[in-house]
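Report on the structure
Letter by letter, the chains look like this.
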Amino acid sequence: MKFLLPVLLLLITFWGCAQKNAFERFHLSKSQELAEDTISSSKVVNEKAEVVGIVTAVNLNKIDAKLYGDHEYFYVYLYAKNKKDAINFSLNGMPALLEEELPNENEFTALTSFQSKWNRYYLVGFAKQKGTLNLKIQIGKSSATLTFRQD
């Protein structure tokens, strides 16, 4: 009896948690869960170590491999203090094949649940690559690098 009661309590405790995950209480769709798993953010700093912007990117290949499997695609949104600075993207040193600026409300907004007037939104595509992906975002002379690991 001493052994049976603690075992039963332990089994009931774990059985109640077995069907739940961390995203369940947030009411996220499967694509939103995958986006949260692949999202990466960084501050963009200049040579004086001053923050000149903030960038966030989602690797779209992890969300829908059938749709985005032919190239490396990223949904990028960023804030730059100086809106006149040129923005350039590269992946592992290779320039982007596709740089499409998107409106505030776009097909990817639901992935991140973030939308604001002061951000700029981009769909960026690169040639297919293997290994670690280093997405470099350059705003004027300042830059940030986001790292994405492939399975």
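Now for a description of the structure that goes with this document.

What counts as what
Numbers given to residues run from 1 along each chain, matching the order in which its sequence is written. Where totals are concerned, whole chains, interfaces and linings use all residues; where local detail is concerned, this predicted model gives features only for residues with pLDDT of at least 70, and gives and counts side-chain atom pairs only at 80 or more. The basis for every side-chain value is the complete set of non-hydrogen atoms in the structure, without hydrogens or water. Per the convention used, a helix needs a DSSP run of H or I reaching at least four residues, while a strand needs a run of E reaching at least two, with both numbered from the N terminus. Between N or O atoms, a polar contact is any pair within 3.5 Å; within protein, one atom must be a potential hydrogen donor and the other a potential acceptor, and residues adjacent in sequence are included only when both atoms are from side chains. Contacts are residue-level and defined by heavy atoms, with any inter-residue pair within 4.5 Å sufficient. Using a 1.4 Å probe on the protein chains alone, a residue whose accessible area is under 20% of its type maximum counts as buried, one over 50% counts as exposed, and one in between counts as partly exposed. To qualify as a nonpolar core, a set must consist of buried Ala, Val, Leu, Ile, Met, Phe, Trp, Tyr and Cys residues joined through side-chain atoms within 4.5 Å. Think of it this way: DSSP has to see at least two bridges between two strands before they count as a pair.

1. As for the side chain of N106
You can see N106 is positioned in the loop between β6 (98–102) and α4 (109–112). Within the structure, N106 has its side chain in polar contact with the backbone oxygen of P103 (distance 2.9 Å). For N106, the contacting residues outside a window of four places in its chain are Y75 and Y121.

2. Some details on the environment of S90
Within the fold, S90 resides in strand β4 (residues 87–91). Residue S90 is classed as buried on the basis of its relative accessible area, which comes to 16%. Separated by 55 residues in the primary sequence, S90 and T145 place their C-alpha atoms 9.4 Å from one another. Excluding its chain neighbours within four sequence positions, the residues that come into contact with S90 are P95, F126, N134, L135 and K136.

3. A short note on the nonpolar core
Nonpolar side chains tend toward joint burial in soluble globular proteins. Within the largest apolar cluster, 21 residues are counted, with the highest numbers of intra-cluster contacts made by V55, F74, V76, L78, F89, L135 and I137. Elements that contribute at least two residues to this core include exactly β2 (51–59), β3 (72–80), β4, β7 (120–126), β8 (133–139) and β9 (142–148). Excluding residues that lie within four positions of it along the chain, I137 makes contacts with V55, L78, I87, N88, F89, S142, S143, A144 and L146. If you look at the next biggest cluster of nonpolar residues, it comprises 12 residues, including Y77, L111, Y121 and L123.

4. Considering the pairing of β7
Across the seven residues that make up β7, a large majority, seven, are buried. Judged by which residues are buried, β7 turns out to be covered on both faces: R120, Y122, V124 and F126 on one side and Y121, L123 and G125 on the other are all buried. As paired elements, β6 and β7 share five bridges and run antiparallel to each other. The partner of E101 across the bridge, within β7, is Y122.

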